[in-house]
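Examination of the molecular architecture
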Amino acid sequence: MPKKTPNPKQSFKIPRLILQVSKFITFISPKLATLFVAKLFSTPIKHKIPKRELDMDRNSSQKLIKIPSLNKQVMIYQYGESDKKILLSHGWSGRGTHLFKIADELLKEGYSTISFDAPAHGKSPGKTTIISEFVATILELEKQFGPFEAAVGHSLGGMSLLNATKKGLAINRLVIIGSGDIIQDILDDFVKKLELKPSTSKQLRVHFENKFGEEMDRYSAHESAREVSIPVLIIHDKHDTEVPVAAAIHIYKHLKNGELFLTEGLGHRKILENSEVIEKVIQFIN
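First, a word on scope: everything that follows refers to the structure included in this document. (Residues numbered from 1 in each chain as written. Predicted model: local features only at pLDDT ≥ 70, side-chain atom pairs only at ≥ 80, totals over all residues. Heavy atoms only, no water.)

Quick word on the pairing of strand 2 (residues 72-79)
- Summarising the sheet, strand 1 (residues 61-67) and strand 2 pair through 7 bridges and their orientation is antiparallel. Opposite Q62, over in strand 2, you have Y77 as the bridge partner.
- From the end of strand 1 to the start of strand 2, which pair antiparallel, there are 4 residues, and N71 there has a positive phi angle of about 55°.
- When strand 2 meets strand 4 (residues 112-117), the two strands line up antiparallel, connected through 5 bridges. Directly across from M75, in strand 4, lies its bridge partner D117. (Pairing = 2+ DSSP bridges. Helix = DSSP H or I, 4+ residues; strand = E, 2+ residues; numbered from the N terminus.)

Let's talk about the environment of I114
- In this fold, I114 is placed in strand 4.
- A relative accessible area of 3% means that I114 is categorised as buried.
- Distance from I114 to N274, taken between C-alpha atoms, is 21 Å for residues 160 residues apart in sequence.
- The residues contacting I114, other than those within four sequence positions of it, are I76, Y77, Q78, K85, I86, L87, L88, L141, F145 and F148. (Buried < 20%, exposed > 50% of the residue type's maximum accessible area, 1.4 Å probe, protein only. Contact = heavy atoms within 4.5 Å.)

What to know about the layout of surface pockets
- The space that makes up the second largest pocket amounts to roughly 150 Å³.
- As for the second largest pocket, its lining consists of T26, P30, A33, T34, E195, L196, K197, S199, T200 and Q203.
- Looking at the lining of the second largest pocket, the elements that each hand over two or more residues are helix 2 (30-41) and helix 8 (199-212).
- Along the lines of polarity and charge, the residues of the lining of the second largest pocket split into 3 nonpolar, 5 polar and 2 charged. (1 Å grid on protein atoms, 1.4 Å probe; cavity = no way out; pocket = protein on both sides within 12 Å on 5 of 7 lines; lining within 4 Å. Points joined across faces, edges and corners; volume = space filled by probe spheres on them. Nonpolar A, V, L, I, M, F, W, Y, C, P; charged D, E, K, R; others polar.)

Brief notes about the pattern of salt bridges
- Scanning the model with the defined rule gives 12 salt bridges in all.
- Residue R226 pairs with E223 through a salt bridge whose shortest N-O separation is 3.3 Å. (Salt bridge = Lys/Arg side-chain N within 4 Å of Asp/Glu carboxyl O.)

Examining unusual backbone geometry
- Between G146 and P147 the backbone carries a cis peptide bond, its omega angle lying at 5°.
- Here P147 shows up in the loop between helix 5 (131-145) and strand 5 (150-154).
- In this structure, S155 takes a positive phi of about 55° despite not being glycine.
- Residue class for S155 comes out buried when judged on its relative accessible area of 12%.
- With a phi angle near 60°, E195 is a residue other than glycine that sits in the positive phi range.
- Positionally, E195 belongs in the loop between helix 7 (183-193) and helix 8.

Things to note about the packing of aromatic side chains
- Here the structure, examined in full by the defined rule, presents 3 aromatic pairs.
- Plain terms: the ring middles of F41 and F190 are 5.2 Å apart, the flat faces sit at 75° to each other, and that makes the pair edge-to-face. With F41 in helix 2 and F190 in helix 7, this pair connects stretches of sequence that are 149 residues apart.
- The exposure class of F190 is buried, given its relative accessible area of 17%.
- One aromatic cluster in this structure is built from F41, F190, F208 and F212.
- The ring of Y111 is capped by K84, whose NZ or CZ atom sits 4.5 Å from the centre of that ring.
- A cation over a ring is seen here: R173 above F284, with NZ or CZ 4.7 Å from the ring centre. (Phe/Tyr/Trp six-rings, centres within 6.5 Å; stacked < 30°, edge-to-face > 60°. Lys NZ or Arg CZ within 6 Å of the ring centre and 35° of its normal.)

Here's the deal with the environment of S201
- On the secondary structure map, S201 appears in helix 8.
- Sequence spacing of S201 and L187 is 14 residues, and the spatial spacing of their C-alpha atoms is 5.5 Å.
- If near-sequence neighbours (up to four positions away) are discounted, S201 is found in contact with Q184, L187, D188 and V191.
- Only 2.5 Å separates the side chain of S201 from the side chain of D188, close enough to count as a polar contact. (Polar contact = N/O pair within 3.5 Å; in protein donor to acceptor, adjacent residues only side chain to side chain.)

As for the sheet that holds strand 3 (residues 85-89)
- Taken in spatial order, the 8 strands line up as 1-2-4-3-5-6-7-8 in an open sheet, and their pairing is mixed. Looking at strand neighbours, the two that pair on one side only are strand 1 and strand 8 (258-263), the edges of this open sheet. For this sheet, the mean inter-axis angle between neighbouring strands, taken without regard to orientation, is 20°.
- With 6 bridges connecting them, strand 7 (residues 232-237) and strand 8 associate as parallel partners. Considered in strand 8, the bridge of H236 is made with L262.
- Contacts from helix 6 (residues 156-166) reach strand 3, strand 5 and strand 6 (173-177), with the element oriented near 140° to strand 5. (Axes fitted to C-alpha atoms, helices over the stretch in contact; angles between N-to-C directions.)

In structure tokens form, the structure reads like this:
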């Protein structure tokens, strides 16, 4: 069990101004409110690359590639030169260097990594995106840079990799860390943080389904887990304030060949840099 670290990072709080604007628009027009909330939900925050990730940023080969099915471009990071390649997928508002510590250890083990800034993230152009575009990007990366030995994903990246594996991503092993599960729960939580009525989340789901032409529930991680037969390692912190540990347990129950590793006191992000967690990832992939 990884060493306990007190006071895991608290979940992101929506600024008071946005809360007030959301409530005002809802009062004026529920339809406009749905569009406003949908825009908020699908717009990631682009953060400056922190110093701890600069080595991976400097030492990786980077280029923009096109994702034909989306008609969008994404930034790709090729880290290392080994033919044994591992695919890394960051979470919401993350970037291709977010899993740098895992990437560094993989290089020491003789692997190279391929990671990416998802649409509208990091150095990739665009303003908005959604989970289906994460999945489409992953499947296109396999075509252009695969095959991959394994894949590691954090948060939404883990959900996306499970979905991509269901859709045919050919990997031998998968690691998901702090992954979410049920799409409606994620929508409900977002609407709750905006302090809006629960009915708004159902309207939000319908909006996305009409826009993208498919049921959002299909992207729930446990639904994909049912159809994944490769070994999957689920890592999650018991006190994750952004994604409850119940998500990990629920996904695990639906896997044919799953392993569940729970940590304590690492929260949603520190878990990516914990030495015992990284060692567990490396052992599982090897």
